[in-house]
Amino acid sequence: RVWDLDSFQCVDVVPAGERNIEGTALSVSSNVAARGVWDHTRKAGRVTVWDCATLTRIREFEFSGCPCAMALLPGNRHVAVGCLDGTVCVWDVQTGECRAELPGHARRVEHIVALPPAECRFRGCFASVGLRDSDVRVWGVGEDGAWRCMAVLKGHSSGISCL
(Lines give C-alpha, C1' and ligand atoms only; values in the text may rest on other atoms or scores of the structure.)
Protein backbone atom coordinates (compact mmCIF):
# COMPACT_ATOMS: atom_id res chain seq x y z
CA ARG A 1 0.00 0.00 0.00
CA VAL A 2 0.98 3.62 -0.54
CA TRP A 3 0.03 5.89 2.36
CA ASP A 4 -0.47 9.64 2.59
CA LEU A 5 1.42 10.49 5.80
CA ASP A 6 -0.49 13.75 6.33
CA SER A 7 -3.96 12.19 6.34
CA PHE A 8 -2.90 8.59 7.10
CA GLN A 9 -5.12 7.46 4.22
CA CYS A 10 -4.26 4.65 1.82
CA VAL A 11 -3.93 6.10 -1.71
CA ASP A 12 -2.96 2.96 -3.65
CA VAL A 13 -3.14 -0.80 -3.23
CA VAL A 14 -0.99 -3.37 -5.01
CA PRO A 15 -3.35 -5.37 -7.27
CA ALA A 16 -4.01 -9.09 -6.73
CA GLY A 17 -1.25 -11.15 -8.28
CA GLU A 18 1.32 -8.48 -7.49
CA ARG A 19 1.58 -9.20 -3.80
CA ASN A 20 5.36 -9.43 -3.69
CA ILE A 21 6.86 -5.97 -3.37
CA GLU A 22 10.45 -6.78 -4.18
CA GLY A 23 12.09 -3.41 -3.66
CA THR A 24 11.56 0.24 -2.81
CA ALA A 25 13.53 3.45 -3.17
CA LEU A 26 12.98 6.90 -1.72
CA SER A 27 14.45 10.27 -2.59
CA VAL A 28 13.66 12.42 0.43
CA SER A 29 15.18 15.60 -1.04
CA SER A 30 12.72 15.72 -3.93
CA ASN A 31 9.67 13.74 -2.76
CA VAL A 32 10.00 10.89 -5.25
CA ALA A 33 9.60 7.19 -4.46
CA ALA A 34 9.76 3.96 -6.47
CA ARG A 35 8.25 0.52 -5.85
CA GLY A 36 9.03 -2.72 -7.67
CA VAL A 37 6.66 -5.68 -7.82
CA TRP A 38 6.63 -9.11 -9.42
CA ASP A 39 3.31 -9.93 -11.08
CA HIS A 40 2.86 -13.70 -10.65
CA THR A 41 -0.13 -13.84 -12.97
CA ARG A 42 1.68 -12.19 -15.91
CA LYS A 43 5.23 -13.31 -15.05
CA ALA A 44 6.45 -9.74 -15.40
CA GLY A 45 8.09 -7.09 -13.26
CA ARG A 46 6.86 -3.56 -12.82
CA VAL A 47 8.42 -0.49 -11.26
CA THR A 48 6.21 2.47 -10.38
CA VAL A 49 7.71 5.92 -9.70
CA TRP A 50 5.63 8.23 -7.51
CA ASP A 51 5.52 11.96 -6.84
CA CYS A 52 5.09 11.93 -3.06
CA ALA A 53 3.96 15.56 -2.87
CA THR A 54 0.97 15.05 -5.18
CA LEU A 55 0.56 11.28 -4.57
CA THR A 56 0.48 10.67 -8.32
CA ARG A 57 2.25 8.11 -10.48
CA ILE A 58 5.00 9.63 -12.60
CA ARG A 59 5.84 6.53 -14.64
CA GLU A 60 5.53 2.75 -14.73
CA PHE A 61 8.06 0.42 -16.32
CA GLU A 62 7.11 -3.14 -17.26
CA PHE A 63 9.68 -5.74 -18.20
CA SER A 64 10.35 -9.47 -18.12
CA GLY A 65 12.72 -9.35 -15.14
CA CYS A 66 11.93 -9.52 -11.45
CA PRO A 67 12.88 -6.24 -9.71
CA CYS A 68 14.85 -7.12 -6.57
CA ALA A 69 16.51 -3.84 -5.59
CA MET A 70 16.39 -0.26 -6.78
CA ALA A 71 17.68 3.26 -6.29
CA LEU A 72 16.60 6.63 -7.61
CA LEU A 73 19.74 8.21 -9.02
CA PRO A 74 20.73 11.83 -8.28
CA GLY A 75 18.34 14.25 -9.96
CA ASN A 76 15.66 11.50 -10.10
CA ARG A 77 15.97 11.32 -13.90
CA HIS A 78 16.87 7.62 -13.72
CA VAL A 79 16.02 4.64 -11.55
CA ALA A 80 18.47 1.73 -11.34
CA VAL A 81 16.71 -1.62 -10.94
CA GLY A 82 18.55 -4.77 -9.91
CA CYS A 83 17.05 -7.97 -11.28
CA LEU A 84 16.82 -11.63 -10.38
CA ASP A 85 19.10 -12.58 -13.32
CA GLY A 86 22.02 -10.48 -12.01
CA THR A 87 21.59 -7.52 -14.36
CA VAL A 88 20.96 -3.90 -13.45
CA CYS A 89 18.61 -1.96 -15.72
CA VAL A 90 18.75 1.84 -15.81
CA TRP A 91 15.36 3.35 -16.67
CA ASP A 92 14.68 6.93 -17.82
CA VAL A 93 11.89 8.24 -15.58
CA GLN A 94 10.67 10.81 -18.15
CA THR A 95 10.56 8.64 -21.27
CA GLY A 96 10.07 5.19 -19.75
CA GLU A 97 12.93 3.78 -21.84
CA CYS A 98 15.53 1.34 -20.61
CA ARG A 99 18.81 3.24 -21.10
CA ALA A 100 21.09 0.35 -20.21
CA GLU A 101 21.11 -3.32 -19.22
CA LEU A 102 24.24 -3.86 -17.18
CA PRO A 103 25.36 -7.47 -16.61
CA GLY A 104 27.96 -8.42 -14.05
CA HIS A 105 26.50 -10.11 -11.02
CA ALA A 106 26.37 -13.92 -10.94
CA ARG A 107 23.07 -13.98 -9.03
CA ARG A 108 20.19 -11.68 -8.15
CA VAL A 109 21.07 -8.07 -7.36
CA GLU A 110 20.44 -7.64 -3.65
CA HIS A 111 21.25 -3.97 -3.05
CA ILE A 112 21.70 -0.75 -5.01
CA VAL A 113 22.78 2.56 -3.52
CA ALA A 114 22.91 5.90 -5.34
CA LEU A 115 26.15 7.75 -4.70
CA PRO A 116 26.05 11.52 -4.17
CA PRO A 117 27.52 13.44 -7.15
CA ALA A 118 30.00 15.20 -4.85
CA GLU A 119 31.44 11.82 -3.81
CA CYS A 120 31.75 10.22 -7.25
CA ARG A 121 33.71 11.36 -10.27
CA PHE A 122 31.28 9.69 -12.70
CA ARG A 123 27.87 11.05 -13.72
CA GLY A 124 24.88 8.96 -12.52
CA CYS A 125 27.01 6.98 -10.11
CA PHE A 126 25.63 4.06 -8.10
CA ALA A 127 26.90 0.88 -6.46
CA SER A 128 25.39 -2.61 -6.48
CA VAL A 129 26.02 -6.00 -4.93
CA GLY A 130 24.62 -9.41 -5.89
CA LEU A 131 23.46 -12.30 -3.75
CA ARG A 132 26.48 -13.73 -1.95
CA ASP A 133 28.86 -11.63 -4.09
CA SER A 134 32.08 -10.63 -2.40
CA ASP A 135 32.55 -7.71 -4.80
CA VAL A 136 30.84 -4.32 -5.07
CA ARG A 137 30.33 -2.88 -8.55
CA VAL A 138 30.37 0.88 -9.13
CA TRP A 139 28.42 2.02 -12.19
CA GLY A 140 28.27 5.34 -13.99
CA VAL A 141 28.14 7.14 -17.32
CA GLY A 142 31.42 7.23 -19.24
CA GLU A 143 32.77 10.12 -21.31
CA ASP A 144 31.08 8.60 -24.37
CA GLY A 145 27.67 8.82 -22.66
CA ALA A 146 27.29 5.04 -22.19
CA TRP A 147 26.48 3.40 -18.86
CA ARG A 148 29.13 0.92 -17.69
CA CYS A 149 30.86 -0.67 -14.75
CA MET A 150 33.49 1.84 -13.65
CA ALA A 151 35.09 -0.26 -10.92
CA VAL A 152 34.85 -3.59 -9.14
CA LEU A 153 35.74 -3.30 -5.46
CA LYS A 154 37.34 -6.59 -4.41
CA GLY A 155 38.82 -7.88 -1.21
CA HIS A 156 35.86 -8.82 0.94
CA SER A 157 36.37 -12.28 2.44
CA SER A 158 32.72 -13.33 2.20
CA GLY A 159 29.39 -12.24 0.74
CA ILE A 160 28.20 -8.68 1.31
CA SER A 161 24.77 -8.44 2.91
CA CYS A 162 24.12 -4.70 2.47
CA LEU A 163 25.59 -1.46 1.14
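Residues numbered from 1 in each chain as written. Predicted model: local features only at pLDDT ≥ 70, side-chain atom pairs only at ≥ 80, totals over all residues. Heavy atoms only, no water.

Asks: Lay out the overall build of the protein chain with the relevant residues and their values.
Replies: Along the protein chain, the regular secondary structure elements total 0 helices and 14 strands. Helices and strands in the protein chain line up, N terminus first, as β-β-β-β-β-β-β-β-β-β-β-β-β-β. Taking 15 Å as the expected radius of gyration for a compact globule of 163 residues, we find that the protein chain reaches 16 Å, a close match to that expectation. Along the first, second and third principal axes, the C-alpha set of the protein chain runs to 45 × 35 × 25 Å. (Helix = DSSP H or I, 4+ residues; strand = E, 2+ residues; numbered from the N terminus. Rg over C-alpha atoms; globule rule 2.2 N^0.38 Å.)

Asks: An account of the environment of isoleucine 160 is needed here, citing residue identities and associated values.
Replies: As for its placement among the helices and strands, isoleucine 160 is situated in the segment after strand 14 (147–153). What makes isoleucine 160 buried here is its relative accessible area of 13%. Each C-alpha atom, one on isoleucine 160 and one on leucine 55, is 35 Å from the other, the two residues being 105 residues apart in sequence. (Buried < 20%, exposed > 50% of the residue type's maximum accessible area, 1.4 Å probe, protein only.)

Asks: Just give me the short version of the environment of glycine 145, but keep the residues and values in it.
Replies: Mapped onto the elements of the fold, glycine 145 is located in the loop between strand 13 (136–141) and strand 14. Relative accessible area serves as the criterion here: at 43%, glycine 145 is assigned to the partly exposed category.

Asks: Could you give an account of the nonpolar core, with specific residues and numbers?
Replies: Ala34, Val79 and Val81 are the most contacted members of the largest nonpolar core, which totals 15 residues. Of all the secondary structure elements, the ones that give two or more residues to this core are strand 4 (32–39), strand 5 (44–51), strand 6 (56–63), strand 7 (67–72), strand 8 (78–83) and strand 9 (88–92). Among the elements that line this core, the one with the most residues is strand 8, at 3 residues. Apart from residues no more than four positions distant in its own chain, valine 79 is found in contact with Ala34, Phe61, Met70, Ala71, Leu72, Cys89, Val90, Trp91 and Val93. In terms of nonpolar packing, the next biggest core, distinct from the first, is built from 14 residues, Ala69, Ala71, Ile112 and Trp147 among them. (Core = buried A, V, L, I, M, F, W, Y, C linked by side-chain atoms within 4.5 Å. Contact = heavy atoms within 4.5 Å.)

Asks: Give a detailed account of the pattern of salt bridges, specifying residues and quantitative values.
Replies: This model, assessed by the stated rule, comprises 7 salt bridges. Its salt-bridge partner being arginine 99, residue aspartate 92 comes within 3.0 Å of it at the nearest N-O pair. Residue arginine 99 is classed as partly exposed on the basis of its relative accessible area of 40%. Two residues, arginine 108 and glutamate 110, come together in a salt bridge whose shortest N-O distance is 2.6 Å. Residue arginine 108 is classed as partly exposed on the basis of its relative accessible area of 26%. (Salt bridge = Lys/Arg side-chain N within 4 Å of Asp/Glu carboxyl O.)

Asks: I'd love a proper account of a nonpolar patch on the surface, names of residues and values included.
Replies: Taken together, the side chains of Trp3, Leu5 and Phe8 define a hydrophobic patch exposed on the protein surface, amounting to about 400 Å² of accessible area. Counting through the fold element by element, tryptophan 3 comes out in strand 1 (residues 2–4). You can call tryptophan 3 partly exposed: its relative accessible area is 46%. (Patch = residues over 30% accessible without salt bridge, like charges linked within 9 Å, V, L, I, M, F, W, Y side chains within 5 Å. Areas by Shrake-Rupley, 256 points an atom, 1.4 Å probe, with all protein chains shown as cover.)

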